[in-house]
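# Observations on chain architecture
Listed below, chain by chain, are the residues.
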Amino acid sequence: MISVRGLKKYYAKTEALAGIDLEVAAGELFAYLGPNGAGKTTTIRILTGLTRLSAGQASLNGHDIEKQPLAAKRQCGLVPQQINLDSELTVGENLDIHGRIFGMPQALRRQRTARLLDYVELAERRDSLVKQLSGGLKRRLMIARALLHNPRILFLDEPTVGLDPGIRRRIWALVKRIQKDGTTIFLTTHYIEEAEFLADRVAFIDRGRIVAVDSPAALMGRMGSWAIDQVGDQGMQTSYFKSREEARSMAAGQETEFTLRRVNLEDAFLALTGKRVK
Amino acid sequence: MNIQACYAVFLREILILKRRLKRQIAGMTVSPLLYMIAFGYAMGDAVRFDGHTYLEFLVPGLVAMASMTQSFGIATDINVARFYWFIFEEFQAAPISNAAYVSGEVLAGMTRGLLAICVILAIGLGFGVVLDYGPLFWLAILLNSFVFASLAVGLAMLVKSHADQSLLTNFVITPMAFLGGTFFPVQRLPEWAGTLVKLLPLTHASAAIRATAFGHSPPAMAYLVLLATGVVFFWLALHAVNQARD
(Lines give C-alpha, C1' and ligand atoms only; values in the text may rest on other atoms or scores of the structure.)
Protein backbone atom coordinates (compact mmCIF):
# COMPACT_ATOMS: atom_id res chain seq x y z
CA MET A 1 0.00 0.00 0.00
CA ILE A 2 2.90 2.35 0.83
CA SER A 3 6.17 1.80 -0.96
CA VAL A 4 9.24 3.96 -0.38
CA ARG A 5 12.64 3.52 -2.03
CA GLY A 6 15.80 5.50 -1.29
CA LEU A 7 13.91 8.54 -0.02
CA LYS A 8 16.18 11.47 0.71
CA LYS A 9 15.53 15.01 1.80
CA TYR A 10 17.96 17.88 2.19
CA TYR A 11 17.18 21.27 3.71
CA ALA A 12 20.03 23.36 2.29
CA LYS A 13 23.04 21.22 3.28
CA THR A 14 21.30 19.47 6.16
CA GLU A 15 20.34 15.88 5.48
CA ALA A 16 16.89 15.28 7.00
CA LEU A 17 16.33 11.87 5.39
CA ALA A 18 19.30 9.75 4.39
CA GLY A 19 17.69 7.14 2.13
CA ILE A 20 14.55 5.60 3.56
CA ASP A 21 13.24 2.23 2.31
CA LEU A 22 9.99 0.82 3.60
CA GLU A 23 6.92 -1.17 2.61
CA VAL A 24 3.60 -0.98 4.42
CA ALA A 25 0.99 -3.63 3.59
CA ALA A 26 -2.73 -2.98 3.11
CA GLY A 27 -4.57 -2.91 6.43
CA GLU A 28 -1.37 -2.67 8.45
CA LEU A 29 -0.83 -0.23 11.32
CA PHE A 30 2.75 0.89 10.88
CA ALA A 31 4.41 3.05 13.52
CA TYR A 32 7.38 5.27 12.90
CA LEU A 33 9.18 5.75 16.19
CA GLY A 34 12.03 8.12 16.85
CA PRO A 35 13.12 11.18 18.81
CA ASN A 36 12.26 14.74 17.80
CA GLY A 37 14.16 15.73 14.67
CA ALA A 38 14.71 12.13 13.53
CA GLY A 39 12.83 12.64 10.25
CA LYS A 40 9.36 11.31 11.12
CA THR A 41 7.36 14.37 10.13
CA THR A 42 9.53 14.97 7.06
CA THR A 43 8.67 11.47 5.80
CA ILE A 44 4.94 12.05 6.29
CA ARG A 45 5.11 15.50 4.71
CA ILE A 46 6.79 14.07 1.62
CA LEU A 47 4.34 11.18 1.32
CA THR A 48 1.34 13.50 1.60
CA GLY A 49 2.62 16.10 -0.87
CA LEU A 50 3.47 18.89 1.58
CA THR A 51 7.22 18.69 1.02
CA ARG A 52 9.27 17.92 -2.08
CA LEU A 53 11.59 14.93 -1.97
CA SER A 54 15.25 15.43 -2.89
CA ALA A 55 15.84 11.90 -4.19
CA GLY A 56 14.23 8.48 -4.29
CA GLN A 57 10.66 7.51 -5.01
CA ALA A 58 7.47 6.67 -3.19
CA SER A 59 4.02 5.46 -4.12
CA LEU A 60 0.67 5.24 -2.36
CA ASN A 61 -1.55 2.36 -3.47
CA GLY A 62 0.47 2.17 -6.70
CA HIS A 63 0.39 5.91 -7.48
CA ASP A 64 3.78 7.60 -7.64
CA ILE A 65 3.71 10.70 -5.43
CA GLU A 66 5.77 12.76 -7.90
CA LYS A 67 4.42 11.54 -11.23
CA GLN A 68 0.75 11.16 -10.20
CA PRO A 69 0.44 13.56 -7.25
CA LEU A 70 -3.32 14.10 -7.44
CA ALA A 71 -4.08 10.36 -7.71
CA ALA A 72 -1.67 9.67 -4.83
CA LYS A 73 -3.31 12.35 -2.67
CA ARG A 74 -6.74 10.79 -3.27
CA GLN A 75 -5.47 7.63 -1.53
CA CYS A 76 -4.67 9.28 1.75
CA GLY A 77 -6.00 11.26 4.65
CA LEU A 78 -3.69 13.30 6.86
CA VAL A 79 -3.87 14.26 10.51
CA PRO A 80 -0.90 16.61 10.93
CA GLN A 81 0.89 17.28 14.17
CA GLN A 82 -0.41 20.84 14.56
CA ILE A 83 -4.11 21.57 14.84
CA ASN A 84 -5.00 22.88 11.39
CA LEU A 85 -8.72 23.41 11.63
CA ASP A 86 -10.56 26.60 10.73
CA SER A 87 -11.29 27.83 14.23
CA GLU A 88 -13.79 30.44 13.02
CA LEU A 89 -15.89 27.83 11.23
CA THR A 90 -18.15 25.23 12.80
CA VAL A 91 -17.36 21.53 13.07
CA GLY A 92 -19.80 20.81 10.22
CA GLU A 93 -18.40 23.58 8.02
CA ASN A 94 -14.85 22.28 8.43
CA LEU A 95 -15.97 18.85 7.26
CA ASP A 96 -18.07 20.26 4.44
CA ILE A 97 -15.17 22.28 3.02
CA HIS A 98 -12.93 19.21 3.18
CA GLY A 99 -15.52 17.09 1.37
CA ARG A 100 -15.87 19.69 -1.37
CA ILE A 101 -12.09 19.89 -1.82
CA PHE A 102 -12.05 16.14 -2.35
CA GLY A 103 -14.87 16.39 -4.90
CA MET A 104 -17.50 14.58 -2.85
CA PRO A 105 -21.12 15.11 -3.97
CA GLN A 106 -23.44 16.80 -1.47
CA ALA A 107 -25.45 13.69 -0.52
CA LEU A 108 -22.28 11.71 0.19
CA ARG A 109 -20.78 14.61 2.17
CA ARG A 110 -23.84 14.75 4.39
CA GLN A 111 -23.98 11.00 4.88
CA ARG A 112 -20.25 10.64 5.68
CA THR A 113 -20.27 13.73 7.92
CA ALA A 114 -23.12 12.34 10.03
CA ARG A 115 -21.47 8.91 10.21
CA LEU A 116 -18.02 10.19 11.11
CA LEU A 117 -19.25 12.66 13.71
CA ASP A 118 -20.98 9.71 15.37
CA TYR A 119 -17.80 7.65 14.96
CA VAL A 120 -15.65 10.21 16.79
CA GLU A 121 -18.45 11.07 19.23
CA LEU A 122 -18.83 14.66 18.08
CA ALA A 123 -22.35 14.51 16.62
CA GLU A 124 -23.74 16.93 19.20
CA ARG A 125 -21.01 19.48 18.46
CA ARG A 126 -21.70 19.72 14.73
CA ASP A 127 -22.78 23.38 14.94
CA SER A 128 -20.16 24.43 17.51
CA LEU A 129 -17.38 26.75 16.43
CA VAL A 130 -14.08 24.87 16.40
CA LYS A 131 -12.51 27.47 18.69
CA GLN A 132 -14.95 26.32 21.39
CA LEU A 133 -13.61 22.73 21.33
CA SER A 134 -10.96 21.30 23.66
CA GLY A 135 -7.64 19.97 22.32
CA GLY A 136 -8.85 16.36 22.45
CA LEU A 137 -12.07 17.15 20.58
CA LYS A 138 -10.15 19.07 17.94
CA ARG A 139 -7.88 16.07 17.44
CA ARG A 140 -10.90 13.79 17.03
CA LEU A 141 -12.40 16.23 14.55
CA MET A 142 -9.15 16.19 12.57
CA ILE A 143 -9.32 12.40 12.43
CA ALA A 144 -12.95 12.57 11.24
CA ARG A 145 -11.97 15.10 8.60
CA ALA A 146 -9.09 12.96 7.38
CA LEU A 147 -11.45 9.97 7.03
CA LEU A 148 -14.30 11.88 5.38
CA HIS A 149 -13.31 11.07 1.80
CA ASN A 150 -12.80 7.40 2.74
CA PRO A 151 -9.03 7.21 2.17
CA ARG A 152 -7.21 3.89 1.80
CA ILE A 153 -4.31 5.20 3.92
CA LEU A 154 -4.45 7.37 7.02
CA PHE A 155 -1.34 9.32 8.05
CA LEU A 156 -1.28 10.27 11.71
CA ASP A 157 1.59 12.55 12.68
CA GLU A 158 2.00 12.46 16.47
CA PRO A 159 -1.78 12.18 16.93
CA THR A 160 -1.76 12.31 20.72
CA VAL A 161 1.01 14.81 21.40
CA GLY A 162 0.02 17.26 24.13
CA LEU A 163 -3.10 15.33 25.15
CA ASP A 164 -3.69 14.05 28.65
CA PRO A 165 -3.48 10.26 29.23
CA GLY A 166 -7.23 9.66 29.35
CA ILE A 167 -7.85 11.39 26.03
CA ARG A 168 -4.80 9.69 24.54
CA ARG A 169 -6.32 6.29 25.29
CA ARG A 170 -9.62 7.30 23.65
CA ILE A 171 -7.69 8.30 20.53
CA TRP A 172 -5.86 4.95 20.60
CA ALA A 173 -9.17 3.10 20.73
CA LEU A 174 -10.39 5.16 17.78
CA VAL A 175 -7.24 4.44 15.78
CA LYS A 176 -7.59 0.70 16.43
CA ARG A 177 -11.20 0.87 15.26
CA ILE A 178 -10.21 2.68 12.07
CA GLN A 179 -7.66 -0.03 11.31
CA LYS A 180 -10.21 -2.73 12.00
CA ASP A 181 -12.49 -1.09 9.46
CA GLY A 182 -9.84 -1.69 6.79
CA THR A 183 -7.75 1.49 6.62
CA THR A 184 -3.97 1.26 6.40
CA ILE A 185 -2.44 3.49 9.06
CA PHE A 186 0.98 5.11 9.09
CA LEU A 187 1.60 6.69 12.46
CA THR A 188 4.52 8.68 13.79
CA THR A 189 5.10 8.93 17.49
CA HIS A 190 7.73 9.41 20.11
CA TYR A 191 5.55 7.76 22.74
CA ILE A 192 6.88 4.25 23.37
CA GLU A 193 3.62 2.93 24.79
CA GLU A 194 1.68 4.29 21.81
CA ALA A 195 3.79 2.34 19.33
CA GLU A 196 3.71 -0.79 21.54
CA PHE A 197 -0.04 -0.70 21.98
CA LEU A 198 -1.09 0.21 18.46
CA ALA A 199 1.42 -1.01 15.91
CA ASP A 200 1.60 -4.22 13.92
CA ARG A 201 5.12 -3.21 12.93
CA VAL A 202 7.44 -0.49 14.13
CA ALA A 203 10.26 1.27 12.30
CA PHE A 204 12.92 2.92 14.43
CA ILE A 205 14.17 6.09 12.79
CA ASP A 206 17.20 8.03 13.95
CA ARG A 207 18.99 10.90 12.20
CA GLY A 208 17.12 10.29 8.96
CA ARG A 209 17.82 6.56 8.80
CA ILE A 210 15.66 3.54 9.58
CA VAL A 211 17.68 1.42 11.96
CA ALA A 212 15.22 -1.45 12.46
CA VAL A 213 11.78 -2.60 11.30
CA ASP A 214 9.86 -5.40 12.96
CA SER A 215 6.87 -6.20 15.14
CA PRO A 216 6.99 -4.63 18.62
CA ALA A 217 7.31 -8.09 20.19
CA ALA A 218 10.22 -9.06 17.94
CA LEU A 219 12.04 -5.76 18.52
CA MET A 220 11.64 -6.05 22.27
CA GLY A 221 12.47 -9.75 22.17
CA ARG A 222 15.96 -8.92 20.89
CA MET A 223 16.69 -7.60 24.38
CA GLY A 224 15.04 -10.36 26.39
CA SER A 225 11.78 -10.11 28.32
CA TRP A 226 12.69 -8.49 31.64
CA ALA A 227 14.91 -5.60 32.63
CA ILE A 228 16.43 -4.32 35.83
CA ASP A 229 17.20 -0.61 36.18
CA GLN A 230 19.77 0.40 38.77
CA VAL A 231 21.09 3.84 39.58
CA GLY A 232 24.78 3.70 40.33
CA ASP A 233 27.81 5.98 40.26
CA GLN A 234 27.75 5.99 36.47
CA GLY A 235 24.06 6.86 36.17
CA MET A 236 21.22 4.55 35.21
CA GLN A 237 22.28 1.08 34.17
CA THR A 238 19.91 -1.48 32.72
CA SER A 239 20.42 -5.25 32.53
CA TYR A 240 18.25 -7.55 30.42
CA PHE A 241 17.06 -11.09 31.11
CA LYS A 242 15.15 -13.82 29.30
CA SER A 243 12.93 -14.63 32.26
CA ARG A 244 11.64 -13.01 35.42
CA GLU A 245 13.27 -15.71 37.50
CA GLU A 246 16.66 -15.06 35.95
CA ALA A 247 16.28 -11.33 36.65
CA ARG A 248 15.21 -11.95 40.24
CA SER A 249 18.09 -14.26 40.97
CA MET A 250 20.54 -11.67 39.67
CA ALA A 251 18.84 -8.91 41.67
CA ALA A 252 18.88 -10.99 44.86
CA GLY A 253 22.61 -10.41 45.28
CA GLN A 254 22.41 -6.64 44.78
CA GLU A 255 22.69 -4.10 47.58
CA THR A 256 21.59 -1.05 45.56
CA GLU A 257 17.93 -0.27 44.85
CA PHE A 258 16.62 -1.57 41.57
CA THR A 259 13.46 -1.65 39.51
CA LEU A 260 12.31 -4.83 37.85
CA ARG A 261 10.16 -4.27 34.76
CA ARG A 262 9.24 -5.70 31.38
CA VAL A 263 11.42 -4.81 28.41
CA ASN A 264 9.90 -2.04 26.26
CA LEU A 265 10.56 -0.56 22.83
CA GLU A 266 12.75 2.13 24.29
CA ASP A 267 15.21 -0.55 25.43
CA ALA A 268 15.41 -1.86 21.88
CA PHE A 269 15.77 1.68 20.53
CA LEU A 270 18.50 2.47 23.05
CA ALA A 271 20.40 -0.68 22.18
CA LEU A 272 20.31 0.11 18.46
CA THR A 273 20.97 3.85 18.54
CA GLY A 274 22.64 4.51 21.87
CA LYS A 275 19.99 7.11 22.73
CA ARG A 276 16.53 7.30 24.21
CA VAL A 277 13.44 8.09 22.10
CA LYS A 278 12.28 11.07 24.16
CA MET B 1 -9.63 22.86 -13.27
CA ASN B 2 -11.93 21.32 -10.66
CA ILE B 3 -14.76 23.85 -10.22
CA GLN B 4 -15.99 22.25 -6.97
CA ALA B 5 -12.54 22.51 -5.38
CA CYS B 6 -12.24 26.13 -6.54
CA TYR B 7 -15.66 26.85 -5.02
CA ALA B 8 -14.59 25.12 -1.77
CA VAL B 9 -11.56 27.43 -1.47
CA PHE B 10 -13.77 30.44 -2.21
CA LEU B 11 -16.55 29.27 0.13
CA ARG B 12 -14.12 28.86 3.02
CA GLU B 13 -12.95 32.46 2.70
CA ILE B 14 -16.52 33.72 2.34
CA LEU B 15 -17.70 31.83 5.44
CA ILE B 16 -14.86 33.40 7.43
CA LEU B 17 -15.68 36.82 5.96
CA LYS B 18 -19.32 36.31 6.96
CA ARG B 19 -18.29 35.51 10.56
CA ARG B 20 -16.23 38.71 10.70
CA LEU B 21 -18.59 40.83 8.62
CA LYS B 22 -19.32 43.55 11.19
CA ARG B 23 -15.64 43.97 12.09
CA GLN B 24 -14.67 43.83 8.45
CA ILE B 25 -17.16 46.50 7.40
CA ALA B 26 -16.14 48.68 10.34
CA GLY B 27 -12.51 48.34 9.22
CA MET B 28 -13.42 49.16 5.63
CA THR B 29 -15.29 52.28 6.77
CA VAL B 30 -12.61 54.06 8.80
CA SER B 31 -10.07 55.10 6.15
CA PRO B 32 -12.47 56.32 3.44
CA LEU B 33 -14.51 58.17 6.05
CA LEU B 34 -11.41 59.96 7.34
CA TYR B 35 -10.22 60.77 3.81
CA MET B 36 -13.62 62.18 2.91
CA ILE B 37 -13.77 64.30 6.05
CA ALA B 38 -10.14 65.47 5.93
CA PHE B 39 -9.55 65.94 2.22
CA GLY B 40 -12.98 66.22 0.75
CA TYR B 41 -15.55 67.67 3.11
CA ALA B 42 -13.20 70.09 4.87
CA MET B 43 -11.92 71.50 1.59
CA GLY B 44 -15.44 72.15 0.38
CA ASP B 45 -15.44 73.94 -2.98
CA ALA B 46 -11.94 75.38 -2.48
CA VAL B 47 -10.45 72.84 -4.91
CA ARG B 48 -12.21 71.80 -8.12
CA PHE B 49 -11.14 69.51 -10.96
CA ASP B 50 -12.90 69.62 -14.33
CA GLY B 51 -15.94 71.21 -12.74
CA HIS B 52 -16.18 68.59 -9.96
CA THR B 53 -15.71 69.20 -6.26
CA TYR B 54 -12.70 67.56 -4.65
CA LEU B 55 -15.05 65.17 -2.84
CA GLU B 56 -16.50 64.06 -6.19
CA PHE B 57 -12.93 63.69 -7.49
CA LEU B 58 -11.87 61.79 -4.40
CA VAL B 59 -14.63 59.14 -4.28
CA PRO B 60 -13.64 57.35 -7.55
CA GLY B 61 -10.00 57.51 -6.39
CA LEU B 62 -10.90 55.92 -3.09
CA VAL B 63 -12.89 53.28 -4.97
CA ALA B 64 -9.82 52.42 -7.06
CA MET B 65 -7.58 52.41 -3.99
CA ALA B 66 -9.93 50.25 -1.92
CA SER B 67 -10.43 47.75 -4.73
CA MET B 68 -6.65 47.41 -4.71
CA THR B 69 -5.97 47.31 -0.96
CA GLN B 70 -8.92 45.12 -0.01
CA SER B 71 -8.35 42.62 -2.82
CA PHE B 72 -4.67 42.54 -1.93
CA GLY B 73 -5.74 41.94 1.68
CA ILE B 74 -6.45 38.31 0.81
CA ALA B 75 -2.67 37.87 1.10
CA THR B 76 -2.92 38.51 4.84
CA ASP B 77 -5.68 35.93 5.23
CA ILE B 78 -3.67 33.38 3.25
CA ASN B 79 -0.60 34.06 5.36
CA VAL B 80 -2.48 33.72 8.62
CA ALA B 81 -3.92 30.43 7.33
CA ARG B 82 -0.45 29.34 6.23
CA PHE B 83 1.84 30.41 9.05
CA TYR B 84 -0.43 30.46 12.12
CA TRP B 85 -3.33 28.10 11.51
CA PHE B 86 -1.53 25.71 9.11
CA ILE B 87 -4.76 25.41 7.11
CA PHE B 88 -2.89 25.88 3.86
CA GLU B 89 -1.55 22.34 4.40
CA GLU B 90 -5.10 21.05 4.11
CA PHE B 91 -5.15 22.37 0.53
CA GLN B 92 -1.60 21.20 -0.19
CA ALA B 93 -2.48 17.65 0.85
CA ALA B 94 -5.70 17.65 -1.17
CA PRO B 95 -6.02 16.49 -4.79
CA ILE B 96 -6.68 19.95 -6.20
CA SER B 97 -4.88 21.77 -8.97
CA ASN B 98 -3.02 25.03 -8.48
CA ALA B 99 -5.56 26.64 -10.82
CA ALA B 100 -8.46 25.65 -8.55
CA TYR B 101 -6.71 26.95 -5.44
CA VAL B 102 -5.55 30.23 -6.97
CA SER B 103 -8.92 30.89 -8.64
CA GLY B 104 -10.77 30.34 -5.36
CA GLU B 105 -8.50 32.70 -3.44
CA VAL B 106 -8.53 35.34 -6.20
CA LEU B 107 -12.33 35.27 -6.32
CA ALA B 108 -12.42 35.67 -2.53
CA GLY B 109 -10.05 38.63 -2.76
CA MET B 110 -12.20 40.23 -5.45
CA THR B 111 -15.29 39.74 -3.29
CA ARG B 112 -13.59 41.59 -0.43
CA GLY B 113 -12.73 44.36 -2.85
CA LEU B 114 -16.33 44.65 -4.06
CA LEU B 115 -17.61 44.75 -0.49
CA ALA B 116 -15.25 47.63 0.29
CA ILE B 117 -16.44 49.53 -2.81
CA CYS B 118 -20.06 49.23 -1.68
CA VAL B 119 -19.03 50.67 1.71
CA ILE B 120 -17.28 53.62 0.04
CA LEU B 121 -20.18 54.35 -2.30
CA ALA B 122 -22.55 54.26 0.68
CA ILE B 123 -20.32 56.69 2.62
CA GLY B 124 -20.03 58.88 -0.48
CA LEU B 125 -23.81 58.90 -0.72
CA GLY B 126 -23.89 60.11 2.88
CA PHE B 127 -21.70 63.05 1.80
CA GLY B 128 -24.05 63.74 -1.10
CA VAL B 129 -21.80 62.31 -3.80
CA VAL B 130 -23.76 60.56 -6.52
CA LEU B 131 -21.84 59.71 -9.68
CA ASP B 132 -22.40 57.50 -12.71
CA TYR B 133 -21.91 53.88 -11.66
CA GLY B 134 -22.48 52.12 -15.00
CA PRO B 135 -21.20 48.74 -16.26
CA LEU B 136 -17.79 50.12 -17.36
CA PHE B 137 -17.28 51.55 -13.86
CA TRP B 138 -17.81 48.07 -12.38
CA LEU B 139 -15.74 46.39 -15.10
CA ALA B 140 -12.75 48.58 -14.22
CA ILE B 141 -13.21 47.71 -10.54
CA LEU B 142 -13.42 43.99 -11.29
CA LEU B 143 -10.27 44.09 -13.40
CA ASN B 144 -8.39 46.11 -10.77
CA SER B 145 -9.48 43.65 -8.07
CA PHE B 146 -8.41 40.75 -10.29
CA VAL B 147 -4.95 42.32 -10.74
CA PHE B 148 -4.30 42.83 -7.04
CA ALA B 149 -5.94 39.66 -5.75
CA SER B 150 -3.77 37.67 -8.20
CA LEU B 151 -0.67 39.59 -7.10
CA ALA B 152 -1.63 38.94 -3.48
CA VAL B 153 -1.99 35.17 -3.94
CA GLY B 154 1.33 34.94 -5.78
CA LEU B 155 3.23 36.95 -3.18
CA ALA B 156 1.54 35.09 -0.31
CA MET B 157 2.97 31.86 -1.74
CA LEU B 158 6.48 33.27 -2.06
CA VAL B 159 6.94 35.00 1.30
CA LYS B 160 8.55 33.05 4.12
CA SER B 161 6.88 34.81 7.04
CA HIS B 162 4.06 37.14 7.94
CA ALA B 163 6.59 39.94 8.50
CA ASP B 164 7.76 39.64 4.88
CA GLN B 165 4.17 40.15 3.78
CA SER B 166 3.89 43.39 5.77
CA LEU B 167 7.09 44.63 4.16
CA LEU B 168 5.74 43.97 0.69
CA THR B 169 2.54 45.82 1.51
CA ASN B 170 4.56 48.80 2.75
CA PHE B 171 6.83 48.91 -0.28
CA VAL B 172 4.39 47.98 -3.05
CA ILE B 173 0.82 48.78 -2.09
CA THR B 174 1.15 51.89 0.09
CA PRO B 175 3.21 53.93 -2.44
CA MET B 176 0.84 52.89 -5.21
CA ALA B 177 -2.15 53.97 -3.14
CA PHE B 178 -0.78 57.50 -2.93
CA LEU B 179 0.76 57.81 -6.40
CA GLY B 180 -1.79 55.99 -8.54
CA GLY B 181 -4.15 58.88 -9.17
CA THR B 182 -6.18 58.42 -6.01
CA PHE B 183 -5.81 61.87 -4.47
CA PHE B 184 -4.64 64.05 -7.36
CA PRO B 185 -4.66 64.03 -11.16
CA VAL B 186 -1.43 62.43 -12.36
CA GLN B 187 -1.41 64.93 -15.24
CA ARG B 188 -0.23 67.54 -12.73
CA LEU B 189 2.97 65.62 -12.04
CA PRO B 190 6.21 66.50 -13.87
CA GLU B 191 6.50 64.59 -17.14
CA TRP B 192 9.07 62.09 -15.86
CA ALA B 193 7.00 61.34 -12.77
CA GLY B 194 3.83 61.07 -14.86
CA THR B 195 5.56 58.52 -17.09
CA LEU B 196 6.65 56.50 -14.06
CA VAL B 197 3.23 56.39 -12.39
CA LYS B 198 1.70 55.22 -15.67
CA LEU B 199 3.61 52.00 -15.10
CA LEU B 200 1.42 51.38 -12.04
CA PRO B 201 -1.78 49.40 -12.68
CA LEU B 202 -3.64 51.53 -10.14
CA THR B 203 -3.07 54.67 -12.25
CA HIS B 204 -4.97 53.04 -15.12
CA ALA B 205 -7.69 51.79 -12.77
CA SER B 206 -8.15 55.25 -11.27
CA ALA B 207 -8.33 56.82 -14.74
CA ALA B 208 -10.96 54.35 -15.96
CA ILE B 209 -13.02 54.40 -12.77
CA ARG B 210 -12.98 58.22 -12.54
CA ALA B 211 -13.80 58.71 -16.22
CA THR B 212 -16.81 56.38 -16.07
CA ALA B 213 -17.95 57.85 -12.75
CA PHE B 214 -17.92 61.32 -14.34
CA GLY B 215 -19.92 60.02 -17.29
CA HIS B 216 -16.99 60.30 -19.72
CA SER B 217 -15.76 57.69 -22.12
CA PRO B 218 -13.01 55.72 -20.33
CA PRO B 219 -9.62 55.05 -21.99
CA ALA B 220 -9.72 51.60 -23.60
CA MET B 221 -5.99 51.24 -22.98
CA ALA B 222 -6.64 51.25 -19.21
CA TYR B 223 -8.82 48.13 -19.50
CA LEU B 224 -6.28 46.40 -21.70
CA VAL B 225 -3.42 47.18 -19.32
CA LEU B 226 -5.42 45.91 -16.33
CA LEU B 227 -6.46 42.73 -18.13
CA ALA B 228 -2.92 41.98 -19.31
CA THR B 229 -1.41 42.71 -15.89
CA GLY B 230 -4.05 40.56 -14.21
CA VAL B 231 -3.39 37.62 -16.54
CA VAL B 232 0.38 37.87 -15.92
CA PHE B 233 -0.05 38.05 -12.12
CA PHE B 234 -2.52 35.15 -12.17
CA TRP B 235 -0.10 33.04 -14.20
CA LEU B 236 2.70 33.88 -11.77
CA ALA B 237 0.45 32.94 -8.84
CA LEU B 238 -0.24 29.53 -10.44
CA HIS B 239 3.48 28.82 -10.50
CA ALA B 240 4.15 30.35 -7.10
CA VAL B 241 1.91 27.74 -5.38
CA ASN B 242 4.58 25.08 -6.01
CA GLN B 243 7.16 27.30 -4.30
CA ALA B 244 5.16 27.15 -1.06
CA ARG B 245 6.19 23.49 -0.60
CA ASP B 246 9.35 22.95 1.48
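Residues numbered from 1 in each chain as written. Chains lettered and ligands numbered in written order. Predicted model: local features only at pLDDT ≥ 70, side-chain atom pairs only at ≥ 80, totals over all residues. Heavy atoms only, no water.

## A short note on the pairing of strand β12 (residues 235-241) of chain A
Residues and elements named next belong to chain A.
- The pairing of strand β11 (residues 226-232) with β12 spans seven bridges and is antiparallel. Bridge pairing links D229 to T238 in β12.
- Between β11 and the antiparallel strand that follows it, β12, lie two residues. (Pairing = 2+ DSSP bridges. Helix = DSSP H or I, 4+ residues; strand = E, 2+ residues; numbered from the N terminus.)

## Some thoughts on the confidence of the model for chain A
- Per-residue pLDDT for chain A averages 89, and the proportion of residues at 70 or more is 99%.
- Within chain A, the lowest mean pLDDT, 78, falls on helix α9 (residues 244-252) of chain A, and the highest, 96, falls on helix α3 (residues 91-101) of chain A. (pLDDT = per-residue confidence, 0-100.)

## Some details on the interface of chain B and chain A
- The partner chain A presents 35 residues to the 26 residues of chain B that form the contact.
- Both sides together, the interface formed by chain B and chain A hides about 2,900 Å², and carbon and sulfur atoms give 50% of it.
- When the buried surface of chain B facing chain A is broken down by residue, B:P95, B:R245 and B:D246 rank first, second and third, together holding 25% of it.
- For the pair chain B and chain A, the number of links is six salt bridges.
- Ionic pairing is found between A:D86 and B:R12, a salt bridge with its closest N-O pair at 2.6 Å.
- Run the count over chain B and chain A and you get nine residue pairs in polar contact (both at pLDDT 80 or more).
- Listing elements by their share of the side of chain B that touches chain A, those giving two or more residues are α1 (3-19), α5 (88-92) and α11 (220-243) of chain B.
- Counting residues per element, the side of chain B that touches chain A draws most heavily on α1(B), which supplies nine residues.
- In the side of chain B that touches chain A, the residues fall into 14 nonpolar, four polar and eight charged. (Contact = heavy atoms within 4.5 Å. Buried area = accessible area lost by both parts, 1.4 Å probe. Salt bridge = Lys/Arg side-chain N within 4 Å of Asp/Glu carboxyl O. Polar contact = N/O pair within 3.5 Å; in protein donor to acceptor, adjacent residues only side chain to side chain. Nonpolar A, V, L, I, M, F, W, Y, C, P; charged D, E, K, R; others polar.)

## As for the sheet that holds β12(A)
All names here are of chain A.
- Ordered by their spatial adjacency, three strands build an open sheet running β12-β11-β13, and the pairing between neighbours is antiparallel. A single partner strand is all that each edge strand has here, and the edge strands are β12 and β13 (258-262). Averaged over all adjacent pairs, the angle separating strand axes in this sheet is 25 degrees, with direction ignored.
- Relative to β13, β11 runs antiparallel, the two being bridged by five bridges. (Axes fitted to C-alpha atoms, helices over the stretch in contact; angles between N-to-C directions.)

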